[in-house]
Amino acid sequence: DAGVIQSPRHEVTEMGQEVTLRCKPISGHNSLFWYRQTMMRGLELLIYFNNNVPIDDSGMPEDRFSAKMPNASFSTLKIQPSEPRDSAVYFCASSYAGVLNQETQYFGPGTRLLVL
Amino acid sequence: AQKVTQAQTEISVVEKEDVTLDCVYETRDTTYYLFWYKQPPSGELVFLIRRNSFDEQNEISGRYSWNFQKSTSSFNFTITASQVVDSAVYFCALSEQNTGNQFYFGTGTSLTVIP
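In this report, the structure presented in the accompanying data block is examined. (Residues numbered from 1 in each chain as written. Chains lettered and ligands numbered in written order. Predicted model: local features only at pLDDT ≥ 70, side-chain atom pairs only at ≥ 80, totals over all residues. Heavy atoms only, no water.)

### Let's talk about the overall build of chain B
To keep things clear, this is the line we draw: Each helix corresponds to a stretch of at least 4 residues labelled H or I by DSSP, and each strand to a stretch of at least 2 residues labelled E; elements are numbered beginning at the N terminus. Atoms counted for the radius of gyration: C-alpha only. Globule rule: 2.2 Å times the number of residues to the power 0.38. Burial status follows relative accessibility: with a 1.4 Å probe on protein chains alone, a residue under 20% of its type maximum counts as buried, one over 50% as exposed, and anything between as partly exposed. By the convention used here, residues are in contact when the closest approach between their heavy atoms is within 4.5 Å. Per-residue and other accessible areas follow the Shrake-Rupley method at a 1.4 Å probe size, with only the shown protein chains counted as cover for residues. In this tally, Lys and Arg are treated as positive and Asp and Glu as negative; His is ignored, and so are the chain termini. Charged groups are reduced to one reference atom each: NZ for lysine, CZ for arginine, CG for aspartic acid, CD for glutamic acid.
Along its length, chain B carries 0 helices and 12 strands. Helices (α) and strands (β) of chain B occur, in sequence order from the N terminus, as β-β-β-β-β-β-β-β-β-β-β-β. Computed over its C-alpha atoms, the radius of gyration of chain B comes to 14 Å, within 12% of the 13 Å expected for a compact globule of 115 residues. Seen through its C-alpha atoms, chain B measures out along the principal axes to roughly 45 × 25 × 20 Å. Expressed as a percentage of the 115 residues in chain B, the buried residues total 47%. Excluding contacts between residues fewer than 6 apart, the proportion of contacts in chain B whose partners are at least 24 apart in sequence is 55%. With the model as given, the accessible surface of chain B reaches about 5500 Å², and the carbon-plus-sulfur share is 48%. Treating the 8 positive side-chain charges of chain B as one cloud and the 13 negative ones as another, the clouds have centres 5 Å apart.

Spelled out as structure tokens, the structure:
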């Protein structure tokens, strides 16, 4: 079975440019999470969706960041305009969340973003 | 307040030594879940184990074992006879039933196994 798929795997862009990161969750999973990992701040939850609906976006750094999940098999994280401090590894994860159970989150390989 | 504390930032051991990675959590929920993930130098996050709060039985998987103790709010991870391939950053995480699907990750412990 395919795991979580993220694209691109690497992105180098210049400050001010728009960046779009993409994620395809594991089929059948109903929760999707976007994380950012840096040396300074570790692993941070940016936003998560349940059944395509954003549940908690309190981790989104500022208005330059936006995320969408138009359907159960696709999500995007957009940064516009990008800044050098956005350089990080961005992970997407998915899980199946039942009424009572907290299921395991499975992570994609990550997108390494470098903003020059 | 940090819900998951991994006090050991970095650990170095010589190959074949045993090593224990500590994880202390904080929650008021009676139903919660604990996880360990491995992040090797290649960068991906690999799921290792999931434990629910009602199952305090320790688990062993090959050279890996986990000690869950509710009395001390700890979920420690031991690698027996460590190998170079065990070199990675290990993350402990907590999920609470009453706070939805969100995971609370610790800051990770970087393990280096020296040949």
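### Focus on the state of the cysteines
We count it as follows: Whenever a pair of cysteine sulfur atoms sits within 2.5 Å, that pair is classed as a disulfide.
Taken as a whole and judged by the stated rule, the model has 2 disulfides over all chains. Disulfide pairing places C23(A) opposite C92(A) at an S-S distance of 1.9 Å. Across the S-S bond linking C23(A) and C92(A), the dihedral sits near -70 degrees, which makes this disulfide left-handed. Of the two residues, C23(A) is situated in strand β3 (residues 19–24) and C92(A) in strand β9 (residues 88–95); the sequence distance between them amounts to 69 residues. The residue that forms a disulfide with C23(B) is C92(B), at a sulfur-sulfur distance of 1.9 Å. In this structure the cystine formed by C23(B) and C92(B) twists about its S-S bond by roughly -65 degrees; its chirality is therefore left-handed. One end of the pair, C23(B), is in the loop between β3 (19–21) and β4 (24–25); the other, C92(B), is in strand β10 (residues 88–96), with 69 residues separating them in the sequence. In this structure C23(B) comes out as buried when scored by relative accessible area, which is 0%. Its relative accessible area of 0% is what places C92(B) among the buried residues.

### Looking at the environment of E14(A)
All names here are of chain A. In this structure, E14 sits in the loop between β2 (10–13) and β3. Each C-alpha atom, one on E14 and one on Y96, is 36 Å from the other, the two residues being 82 residues apart in sequence. Sequence-distant contacts of E14, that is, excluding residues within four places in its chain, are made with S82, V115 and L116.

### Some thoughts on the nonpolar core
Rules: As used here, the term nonpolar core means buried Ala, Val, Leu, Ile, Met, Phe, Trp, Tyr and Cys residues forming a set that is joined through side-chain atoms within 4.5 Å.
Counting 24 residues, the largest nonpolar core has W36(B), F77(B), Y90(B) and L111(B) as its most contacted members. Every element with two or more residues in this core is listed here: β2 (10–14), β3, β5 (32–39), β8 (64–69), β9 (74–79), β10 and β12 (109–114) of chain B. Ranked by the residues each element gives to this core, the list is headed by β10(B), at 4 residues. V4(A), C23(A), M69(A) and L77(A) belong to the second-largest nonpolar core, a separate cluster that totals 21 residues.

### Observations concerning the sheet that holds β3(A)
All names here are of chain A. Threshold: Note on pairing: DSSP must find at least two bridges between two strands before they are called paired. Axis lines are fitted through C-alpha atoms, for helices just across the contact stretch, and the angle between N-to-C directions can take any value from 0 to 180 degrees.
The 4 strands are arranged β1-β3-β8-β7 in an open sheet whose pairing can be described as antiparallel. Two strands in the sheet have a free side with no partner beyond their single neighbour: β1 (5–7) and β7 (65–71). Geometrically, the sheet is characterised by an average inter-axis angle of 15 degrees between neighbouring strands, direction not taken into account. When β7 meets strand β8 (residues 74–79), the two strands line up antiparallel, connected through 5 bridges. For K68, the partnering residue across the bridge sits in β8 and is T76.

### Notes on the environment of F103(B)
Its location among the elements puts F103(B) in strand β11 (residues 103–105). Taking the C-alpha atoms as reference points, F103(B) and Y33(B), 70 residues apart in sequence, are found 9.2 Å from one another. Not counting residues up to four positions away in its chain, the partners in contact with F103(B) are Y35(A), E103(A), T104(A), Q105(A), F35(B), Y37(B), A93(B), L94(B) and S95(B).

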